[in-house]
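The residues making up each chain are set out below.
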Amino acid sequence: VRIIIVAIFIYPFSLSWAQEPYEVGSLRLVGNDILSEDQLLSVVQTRETPWWLWKILYSKPEYYDPLVFESDFLRLHRFYQNNGFFHAQIDTSISFDHADKSVSLTFSIHEGVRSFIDTLLYDGLVGVPPGLTDEVRGNPLIEVGDAFITDRVQAELSRVVGLFANYGYVNVKVETPKALRYASTNNIAVTFAFVRGDRYRFGSIDIIQDTSVAERIDTAIVLRHLDFATGDFY
């Protein structure tokens, strides 16, 4: 419903804007208490025209594009969802100054209750070496009690996949992390599921000398300085 409302506000001005562009005189964010203005502005593409002297010396005017502004609404909504604000509500207001050929834009935000991680599960660690289990559980990028942030969940997934690979499970299969949100608490149980597959070892190691160099290093010396050997887990 909110997207339709935004479109209704934008459309009547889209034709006049196409003929004579309006500068973005101001771009305001109100109601955001937890996520900072810098965080939110990094998401939107609409930009405010700089101060007039700065504009003359260094920059250029920023013009209002109704389609970009509508997309910014969707970007902000998605950003709030990805940061655990599943009940966030965003409204927009647009005010035109026809004499000054400028437009004032406002995003009014009600963040709502944020979701936190109350359960963190790793499925697929049965039968793996104890060292791998210790590393997976020892230095997680997310913990119980943290705010639910999609990017951090993905970063934790990448970290664990890297650990599996470093223990020789180079073909480990992973599922998309499951995030189950409880209606009673609004908090989330995150589950990472892995199918480790076969564990690989180093095969034969060949040392190929540079034929353009007269002096050679003994192959045994090179092998002695490696941190791995044939038969070691990859």
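Residues numbered from 1 in each chain as written. Predicted model: local features only at pLDDT ≥ 70, side-chain atom pairs only at ≥ 80, totals over all residues. Heavy atoms only, no water.

To continue, consider the confidence of the model for the protein. Confidence along the protein averages 88 in pLDDT terms, with 88% of residues attaining 70 or more. Within the model, the stretch residues 1–18 combines pLDDT values under 50 with 24 contacts to residues more than four positions away or in other chains. (pLDDT = per-residue confidence, 0-100. Contact = heavy atoms within 4.5 Å.)

What follows concerns a nonpolar patch on the surface. Where nonpolar side chains cluster on the molecular surface, the patch consists of Val170, Tyr200 and Tyr234 and spans about 280 Å² of accessible area. Its place among the elements puts Val170 in the loop between helix H6 (150–166) and strand E5 (173–174). Judged by its relative accessible area of 35%, Val170 is partly exposed. (Patch = residues over 30% accessible without salt bridge, like charges linked within 9 Å, V, L, I, M, F, W, Y side chains within 5 Å. Areas by Shrake-Rupley, 256 points an atom, 1.4 Å probe, with all protein chains shown as cover. Salt bridge = Lys/Arg side-chain N within 4 Å of Asp/Glu carboxyl O. Helix = DSSP H or I, 4+ residues; strand = E, 2+ residues; numbered from the N terminus. Buried < 20%, exposed > 50% of the residue type's maximum accessible area, 1.4 Å probe, protein only.)

Before going further, it helps to spend a moment on the packing of aromatic side chains. The description of an aromatic ring pair uses the distance of the two centres, along with the angle that the planes make with each other. Across all of its chains, the model carries 11 aromatic pairs by this definition. Taken together, a centroid distance of 5.3 Å and an interplanar angle of 80° make the contact between Tyr22 and Phe96 edge-to-face. Of this pair, Tyr22 sits in the loop between helix H1 (2–19) and strand E1 (23–30) while Phe96 sits in strand E2 (residues 89–97), and the two are 74 residues apart along the sequence. Judged by its relative accessible area of 6%, Tyr22 falls in the buried class. Seen in terms of ring centroids, Phe164 and Tyr169 are 5.9 Å apart; in terms of plane orientation they differ by 70°. Their pairing is edge-to-face. Across the pair, exposure class does not vary: Phe164 and Tyr169 are buried alike. One cation-aromatic arrangement involves Arg201 over Phe233; the distance from NZ or CZ to the ring centre is 3.9 Å. (Phe/Tyr/Trp six-rings, centres within 6.5 Å; stacked < 30°, edge-to-face > 60°. Lys NZ or Arg CZ within 6 Å of the ring centre and 35° of its normal.)

Turning next to empty space enclosed by the protein. One pass over the full model with this rule turns up one cavity of 30 Å³ or more. In this structure, the largest cavity is lined by Ile117, Leu141, Ile142, Asp146, Ala147, Ile149, Arg152 and Val153. Grouping the amino acids of the lining of the largest cavity by side-chain chemistry returns six nonpolar, no polar and two charged. (1 Å grid on protein atoms, 1.4 Å probe; cavity = no way out; pocket = protein on both sides within 12 Å on 5 of 7 lines; lining within 4 Å. Points joined across faces, edges and corners; volume = space filled by probe spheres on them. Nonpolar A, V, L, I, M, F, W, Y, C, P; charged D, E, K, R; others polar.)

Let us look at the pairing of strand E7 (residues 188–195). With six of eight residues buried, E7 lies mostly within the body of the structure. Across six bridges, the pairing between strand E4 (residues 117–123) and E7 is parallel. In the sheet register, Ile117 faces E7, and the bridge partner there is Ile188. Judged from the four bridges that link them, strand E6 (residues 178–181) and E7 form a sheet pairing that is antiparallel. The partner of Lys178 across the bridge, within E7, is Thr191. If you look at the hairpin formed by E6 and E7, you'll find six residues sitting between the two strands, and Asn186 has a positive phi there, around 70°. (Pairing = 2+ DSSP bridges.)

So, on to the pattern of salt bridges. Pairing between side chains of opposite charge can happen when the charged atoms of each approach one another. For the coordinates displayed, the defined rule picks out three salt bridges. A salt bridge links Arg75 to Asp72, with the shortest nitrogen-to-oxygen separation between them at 2.6 Å. Taken together, the residues Arg75 and Asp72, both in helix H4 (residues 66–82) and three residues apart, mark about one turn of the helix. The shortest N-O distance in the salt bridge between Lys178 and Glu175 comes to 4.0 Å.

A separate point is the environment of Gly112. Along the chain, Gly112 falls in the loop between strand E3 (102–110) and E4. With relative accessibility at 30%, the residue Gly112 sits in the partly exposed group. Between the alpha carbons of Gly112 and Tyr80 there is a distance of 10.0 Å; along the sequence they are 32 residues apart.

Here the focus is the environment of His98. Position of His98 among the secondary structure elements: in the loop between E2 and E3. Using a relative accessible area of 44% as the deciding quantity, one classes His98 as partly exposed. Considered as a pair, His98 and Tyr22 are 76 residues apart in the sequence and their alpha carbons are 8.4 Å apart. At 2.6 Å, the side chain of His98 forms a polar contact with the side chain of Tyr22. (Polar contact = N/O pair within 3.5 Å; in protein donor to acceptor, adjacent residues only side chain to side chain.)

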